[in-house]
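# Structure assessment
So you can see what is in the structure, the chains are spelled out below.
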Amino acid sequence: CDNVVGAYVFDYLYVGNGIDEEIELQDSILAVAGEEFLQTPGVQYTLSAHNQRVGHTYTDFEFPDKDGKMHKLSDYVGEGKYVLLDIWASWCIGCRIEIPKIKEAYAKYHDRGFEVVMVSVDEKETNWINAMEGDGVKDVGCQLSDTNDVMAGLYGISSLPCSMLIDPQGKIIANNLRRNELEEKLSKLIGE
């Protein structure tokens, strides 16, 4: 595990599978890997994908809202709040399908400690703003724009939609809750 060829084999075999046994194998390989291996782009991507694992502490970032005001994720995490970090784009049909469920959960649980931080990865800000207004989420939590695709590298995001539920201590407790799963999880955590 100390050369570029090994790193490319590692990428080919293990990146993106998410199977627990393979994650353990990945971790054992990464623990003994040399610097050249660790610096290859694919391995760097794998390391950043660890940032979205359940049990991992969230990784902070800062992006602008539609008015240009900067917001950090750390502005919302803590203080007894559960935070849904949702990474989406206007062109992502799966993302747009999930928006009504996010809106419902926000309406039901916001007053009881649930916050939403949505980060659009649209390259054009106008596409993000039009989708946000069209889907009626401009007033749902905090809406931020990542036009430079920083989130992909920060969290190792390879597909959308992508979401993480973060607990009040800053730990990721669930990933990619779809359809009614978000509501069910919040009901257990916060109560009806």
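Notes on the structure in this doc start here.

The rules we used
Residues numbered from 1 in each chain as written. Predicted model: local features only at pLDDT ≥ 70, side-chain atom pairs only at ≥ 80, totals over all residues. Heavy atoms only, no water. Axes fitted to C-alpha atoms, helices over the stretch in contact; angles between N-to-C directions. Helix = DSSP H or I, 4+ residues; strand = E, 2+ residues; numbered from the N terminus. Parallel < 35°, antiparallel > 145°, perpendicular 65-115°, else oblique. Left-handed = near helix turned anticlockwise from the far one by under 90°. Contact = heavy atoms within 4.5 Å. Nonpolar A, V, L, I, M, F, W, Y, C, P; charged D, E, K, R; others polar. Disulfide = S-S within 2.5 Å. Buried < 20%, exposed > 50% of the residue type's maximum accessible area, 1.4 Å probe, protein only.

Here we take up the packing of helix H5 (residues 93-109) against helix H8 (residues 181-190). Pairs of packed helices are described in terms of their axes, by the angle between the two and the distance that separates them. At a closest axis distance of 10 Å, the pairing of H5 and H8 adopts a crossing angle of 20 degrees. Viewed along their axes, H5 and H8 adopt a mutual orientation that is roughly parallel. Crossing of H5 over H8 shows right-handed handedness. Mapping the contact onto sequence places Ile102, Ala105, Lys108 and Tyr109 in H5 and Leu182, Glu183, Leu186, Ser187 and Ile190 in H8. Residues of the contact of H5 with H8, tallied by class, amount to six nonpolar, one polar and two charged.

Turning to the state of the cysteines, a few remarks are in order. Per the counting criterion, the structure on display carries one disulfide. Two residues, Cys92 and Cys95, share a disulfide whose sulfurs are 2.4 Å apart. Handedness of the Cys92-Cys95 disulfide follows from its S-S torsion of about 80 degrees: it is right-handed. Both residues of the pair, Cys92 and Cys95, count as buried. Of all cysteine sulfurs, the one in Cys95 lies closest to Cys162, which takes part in no disulfide; the gap is 9.1 Å. The class for Cys162 is buried, based on a relative accessible area of 4%.

Any link to function would need more than the numbers given here.
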